[in-house]
Amino acid sequence: MATEAPARGGYLDILRAPHAARLLAGTLVGRLPNGVGPIALTLYVRDQGGSYTLAGGLIAAYGVATAIGQPLLGRAVDLKGQPRVQLPAAVVSALGMVLLALAGIGHLGLAYVAVVVAGLFTPPLEGGLRALWPSVLGREDRVHRAYAMDAVAQEVMFTVGPLLLTLLVSLWSPAAALLTVNLLGVLGALAVVLSAPSRAWRSAPREAHWLGALRSPGLLALLGSFFFVGLALGSITVAAVAYADDRGTPSVYGWLMAALGLGALLGGVTYGAREWSGAPERRLRVLVLLLAVCYLPLVLTPGPVAMACLAALAGVFLAPVLACAFIVVDRHAPRGTVTEAFSWLVTTFGVGSALGSAVAGPAVELAGTVAGFAVAGAGGLVALLVLLATGRVLHVPTAPVAPAAEPRHAVGTGAPTAVHTEKNTH
């Protein structure tokens, strides 16, 4: 059930809060190297005379390293604080790409070491921002709206980032573009960690356990579902390339991806403009159902204009699903593991997306473009089935709702605090 949000509760209200705009902008800029990493590596390798196979290998190594590093660095942030982890990690990650740009691809071993270092030390700025929102915004409803704005901002970054990279390549070179985006990444991380909320933030005391955030059954259920959401999205990117090839117009791929992003942008804006009642776990099941249903028409593969409309429809519920999932993560993350929990979501989604791309390729080769889009529909349906099958463990948050005087995600002195856990209304 939804009610209209008051005028003062929109995105502008959030951005007017002290530090909010800086934290959001700094996080987006800080994540730029990772957001455009695959494209930047491809352009650089090709400029150096390398093959697409080499580019794919380096991208895969970078992606795997990032998937491993995010939850580990997220746990370090929960233990040591943001400035002591985020900024050093950003610097080391950037140095990895500097090493690649300076050494070139003549020594393959060194090239792989460079991208693994860059990926492994990619700072968990995404999870860190979500951990900061309660201390910056205070009220529960504003935190939830910030999660929706966060999902929308991701779509903007993934649209603007490649355009910026292309501009840098046209002005200078792929190597210079690679260095520039990584310098911007360090500056973005610096803007975040020098802010008062980041310096003051402290995770709540945590129980020592080697599984960390993964000891929560509810979080594991959510991660299992989001693996398949990522798989669906990754398969769409490959199937869209095949569709463009079938039509003999490579530019169609760009239009389809732009339409997908536009749909997600509109869906996120609409979702964040309303206040939602009821348990987020129940709402997430409905949103994932709608996401899966909107993926299914892609198998019709009509003409480019109609296909772009279907791609926009397929994107509509992606940002709302992400925004709702952020709330569910916060409810199920064991005490003192919030950054790590959010980082696991990023990792699981990314690994699922990579697998989706890997599965869609053979599907297209064996059965055509329709089969590639069918992988997306199947992924969405399996994501829903996981949520339905694990409804019992998702029903009750891992940690009990804390009293107002003792918030779950503690912050340092001087910063407002808030409990931002929705009441379970089952």
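Everything quoted here is computed from the prediction, not taken from an experiment.

Chemist: I would appreciate a short explanation of the packing of aromatic side chains in the present structure.
Modeler: Aromatic ring pairs are defined here through the distance separating the ring centres and the angle between the ring planes. Summed over the entire model, instances satisfying the criterion amount to six aromatic pairs. When the centroid spacing of 5.9 Å and the interplanar angle of 75 degrees are considered together, the rings of Tyr-147 and Phe-326 count as edge-to-face. One end of the pair, Tyr-147, is in helix H9 (residues 140–171); the other, Phe-326, is in helix H16 (residues 318–332), with 179 residues separating them in the sequence. With respect to burial, Tyr-147 and Phe-326 carry one shared label: buried. With centroids separated by 5.2 Å and ring planes inclined at 90 degrees, the aromatic side chains of Phe-227 and Phe-228 adopt a geometry described as edge-to-face. In textbook terms, an aromatic cluster arises when at least three aromatic residues are bridged by ring pairs, as seen for Tyr-147, Phe-326 and Phe-342. Over the aromatic face of Phe-326 sits the side chain of Arg-130, whose NZ or CZ is 3.6 Å from the ring centroid.

Chemist: I would appreciate a short explanation of the nonpolar core in the present structure.
Modeler: Generally speaking, nonpolar side chains in soluble globular proteins are found buried as a group. Counting 85 residues, the largest nonpolar core has Trp-133, Leu-137, Leu-222, Phe-226, Leu-284, Tyr-295 and Leu-298 as its most contacted members. If you tally residues by element for this core, the top one is helix H12 (residues 217–247), at 13 residues. With near-sequence residues (within four places) excluded, Leu-284 lies in contact with Leu-222, Phe-226, Val-321, Cys-324, Ala-325, Val-328 and Leu-387.

Chemist: Looking at this structure, how should I read the side chain of Ser-195?
Modeler: When you line up the elements, Ser-195 lands in the loop between helix H10 (174–193) and helix H11 (196–200). Discounting chain neighbours no more than four positions away, the residues touching Ser-195 are Arg-22 and Leu-23.

Chemist: Can you help me understand empty space enclosed by the protein in this one?
Modeler: In this approach the atoms are scanned with a rolling probe the size of a water molecule, which exposes any empty space left behind. Going through the model one piece at a time under the given rule, you end up with two cavities of 30 Å³ or more. When its volume is computed, the largest cavity comes out at roughly 140 Å³. Lining of the largest cavity is provided by 18 residues; of these, Gly-30, Pro-33, Asn-34, Ser-93 and Asn-182 occupy positions nearest its centre. Listed by contribution, the elements that provide at least two residues to the lining of the largest cavity are helix H3 (32–35), helix H4 (37–47), helix H6 (83–103) and H10. The element best represented in the lining of the largest cavity is H10, accounting for five residues. Here the lining of the largest cavity is built from residues that sort into 11 nonpolar, seven polar and no charged. Along its surface, the second largest cavity is lined by Ile-236, Ala-240, Leu-256, Met-257, Leu-260, Leu-298, Met-307, Ala-311 and Phe-373. Mapped onto the lining of the second largest cavity, the elements with two or more residues apiece are H12, helix H13 (251–272) and helix H15 (304–315). Top element by residues in the lining of the second largest cavity is H13. It accounts for three residues. Looking at side-chain class alone, the lining of the second largest cavity contains nine nonpolar, no polar and no charged residues.

Chemist: Where do I start with the environment of Pro-217 in this structure?
Modeler: Tracing the backbone through its elements, the reader meets Pro-217 in helix H12. Using a relative accessible area of 46% as the deciding quantity, one classes Pro-217 as partly exposed. As for Pro-217 and Arg-392, which are separated by 175 residues in sequence, their C-alpha atoms are 9.8 Å apart.

Chemist: For this particular structure, what's the right way to read the packing of H4 against H10?
Modeler: Each pair of packed helices gets described by two things: the angle between the helix axes and the distance between those axes. Running from N to C, H4 and H10 point in directions that differ by 150 degrees, and their axes come no closer than 8 Å. On the basis of their axis angle, the class for H4 and H10 is roughly antiparallel. The handedness of the crossing between H4 and H10 is left-handed. The residues of H10 that touch H4, namely those facing Ala-40, Leu-43, Tyr-44 and Asp-47, are Pro-174, Ala-175 and Leu-178.

Chemist: Just checking my understanding: could you explain the pattern of salt bridges for this structure?
Modeler: Any two side chains of opposite charge can pair, so long as their charged atoms come close to each other. In this structure the tally under the stated criterion is seven salt bridges. With a shortest N-O distance of 3.2 Å, Asp-13 and Arg-142 are connected by a salt bridge. Here Asp-13, found in helix H1 (residues 11–16), pairs with Arg-142, found in helix H9; they are 129 residues apart in sequence, far enough to count as distant. Put simply, Arg-130 and Glu-126 hold a salt bridge, and the shortest N to O gap is 2.6 Å. Of the two residues, Arg-130 and Glu-126 both sit in helix H8 (residues 125–137), four residues apart, roughly one turn of that helix.

Calculation criteria
- Residues numbered from 1 in each chain as written.
- Predicted model: local features only at pLDDT ≥ 70, side-chain atom pairs only at ≥ 80, totals over all residues.
- Heavy atoms only, no water.
- Phe/Tyr/Trp six-rings, centres within 6.5 Å; stacked < 30°, edge-to-face > 60°.
- Helix = DSSP H or I, 4+ residues; strand = E, 2+ residues; numbered from the N terminus.
- Buried < 20%, exposed > 50% of the residue type's maximum accessible area, 1.4 Å probe, protein only.
- Lys NZ or Arg CZ within 6 Å of the ring centre and 35° of its normal.
- Core = buried A, V, L, I, M, F, W, Y, C linked by side-chain atoms within 4.5 Å.
- Contact = heavy atoms within 4.5 Å.
- 1 Å grid on protein atoms, 1.4 Å probe; cavity = no way out; pocket = protein on both sides within 12 Å on 5 of 7 lines; lining within 4 Å.
- Points joined across faces, edges and corners; volume = space filled by probe spheres on them.
- Nonpolar A, V, L, I, M, F, W, Y, C, P; charged D, E, K, R; others polar.
- Axes fitted to C-alpha atoms, helices over the stretch in contact; angles between N-to-C directions.
- Parallel < 35°, antiparallel > 145°, perpendicular 65-115°, else oblique.
- Left-handed = near helix turned anticlockwise from the far one by under 90°.
- Salt bridge = Lys/Arg side-chain N within 4 Å of Asp/Glu carboxyl O.

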